[in-house]
Amino acid sequence: CATGGLLYDLNKENPDLVSYGIDVNIKALDACNKKFKLVTNSDSAFFFDQEVNPDNLNLFLKKNNLNKFDLIVFDRVLYCLNESAILSLLDSFADLTDKILIDDFEISREFETQGYNHRDWISLLEKFNFKNTINLPTIYTKVNKANARTLIFQKYDGKRTAL
């Protein structure tokens, strides 16, 4: 979630949203907490964690009378992780949402890329029963010699393939 800019903007426009963010940087999490205390009166409407913690995720959902998150956003962070960490992360979240947004670097067959870990997000998310519904150039500034994309995935009925 970094300092919570995207989540904060979404909550300002939609005050009934609840937000759960994860970032390894404790200063970024402190900034998130300060921002969110300005836009909501309920401490249960937001939570920021330093790691993926299934107990905290489930407690947050329960406190907000939710079964799932409407949307999980991976905002330009997955390229930093190795394949094993990504699979573990996706496995943790696959049953907690029906929609995932990824803004990251995708493998390109059209041009040579360098400098970032580019992945085949479409094939990777299919392993968790998500189908790509939107695939467009990043919503952020273009990165030189990189295929930065904004992708939205929707859960579909089917059987999970073996990892």
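Colleague: Any chance you could break down the pattern of salt bridges for me, citing the residues and the numbers?
Modeller: As enumerated under the stated definition, the model contains four salt bridges in all. Ionic pairing is found between Asp98 and Lys68, a salt bridge with its closest N-O pair at 2.9 Å. Placement of the pair is Asp98 in the loop between α4 (83–93) and β4 (99–105) and Lys68 in the loop between α3 (54–63) and β3 (72–75), with a sequence separation of 30 residues. Classification of Lys68 by relative accessible area gives partly exposed; the value is 33%. Between Asp95 and Lys155 there is a salt bridge, with its nearest N and O atoms 3.8 Å apart. Separated by 60 residues along the polypeptide, Asp95 in the loop between α4 and β4 and Lys155 in strand β6 (residues 148–155) bring together distant segments of the chain. Taking relative accessible area as the criterion, Asp95 reaches 53% and is therefore assigned exposed.

Colleague: An account of the environment of Leu59 is needed here, citing residue identities and associated values.
Modeller: The residue Leu59 is located in helix α3 in this model. Here Leu59 falls in the partly exposed class, since its relative accessible area comes to 44%. Taking the C-alpha atoms as reference, Leu59 lies 34 Å from Leu136; in sequence the two are 77 residues apart.

Colleague: Help me get a handle on the layout of surface pockets, residues and values and all.
Modeller: Approximately 1200 Å³ is the volume attributed to the largest pocket. Lining the largest pocket are 38 residues, and of these Cys1, Tyr20, Gly21, Ile22 and Val73 sit closest to its centre. Put simply, the parts of the chain that give the lining of the largest pocket at least two residues each are α1 (5–13), β1 (19–22), β3 and α4. Across the lining of the largest pocket, the residue classes break down as 24 nonpolar, nine polar and five charged.

Colleague: Describe the packing of aromatic side chains, naming the residues involved and giving the relevant values.
Modeller: A complete count under the given rule lists 12 aromatic pairs for this structure. Taking 6.0 Å as the distance between ring centres and 65° as the angle between the ring planes, the aromatic pair formed by Tyr20 and Phe69 counts as edge-to-face. Separated by 49 residues along the polypeptide, Tyr20 in strand β1 and Phe69 in the loop between α3 and β3 bring together distant segments of the chain. Each ring, one from Phe46 and one from Phe48, has its centre 5.9 Å from the other, and the planes form 35°; the classification is tilted. Take Phe46: its relative accessible area is 5%, and that puts it in the buried class.

Colleague: Give a description of the nonpolar core that names residues and reports values.
Modeller: In terms of nonpolar packing, the biggest core is built from 23 residues, with Phe69, Phe74, Ile100, Ile102, Trp121, Leu125 and Phe153 touching the most fellow members. For this core, the elements supplying multiple residues, two or more each, are α3, β3, α4, β4, α5 (121–126) and β6. Per-element accounting of this core gives the leading share, four residues, to α4. If near-sequence neighbours (up to four positions away) are discounted, Leu125 is found in contact with Leu90, Ile100, Ile102, Phe130 and Phe153. If you look at the next biggest cluster of nonpolar residues, it comprises six residues, including Tyr8, Leu29, Cys32 and Phe36.

Colleague: With reference to specific residues and values, describe unusual backbone geometry.
Modeller: A positive phi angle, close to 55°, is found at Asn65, a residue other than glycine. Looking at the secondary structure, you find Asn65 in the loop between α3 and β3. Non-glycine residue Arg76 carries a positive phi angle of around 55°. If you trace the backbone, Arg76 turns up in the loop between β3 and α4.

Colleague: Can you lay out helix α2 (residues 26–39) for me, pointing to particular residues and giving the numbers?
Modeller: With 14 residues, α2 extends 21 Å between its outermost C-alpha atoms, agreeing within 8% with the 20 Å of an ideal straight helix rising 1.5 Å per residue. Buried residues of α2: Ala28, Leu29, Cys32 and Phe36, and no others. For α2, the angular spread of buried residues about the axis comes to 95°, placing them on one side. Opposite its buried face, α2 presents the exposed residues Lys27, Lys34, Lys37 and Leu38, each directed more than 90 degrees away. At its buried positions, α2 is contacted by α1, β1 and β2 (46–49).

Scoring rules and cut-offs
Residues numbered from 1 in each chain as written. Predicted model: local features only at pLDDT ≥ 70, side-chain atom pairs only at ≥ 80, totals over all residues. Heavy atoms only, no water. Salt bridge = Lys/Arg side-chain N within 4 Å of Asp/Glu carboxyl O. Helix = DSSP H or I, 4+ residues; strand = E, 2+ residues; numbered from the N terminus. Buried < 20%, exposed > 50% of the residue type's maximum accessible area, 1.4 Å probe, protein only. 1 Å grid on protein atoms, 1.4 Å probe; cavity = no way out; pocket = protein on both sides within 12 Å on 5 of 7 lines; lining within 4 Å. Points joined across faces, edges and corners; volume = space filled by probe spheres on them. Nonpolar A, V, L, I, M, F, W, Y, C, P; charged D, E, K, R; others polar. Phe/Tyr/Trp six-rings, centres within 6.5 Å; stacked < 30°, edge-to-face > 60°. Core = buried A, V, L, I, M, F, W, Y, C linked by side-chain atoms within 4.5 Å. Contact = heavy atoms within 4.5 Å. Expected span 1.5 Å × (residues − 1). Arc of directions from axis to C-beta.

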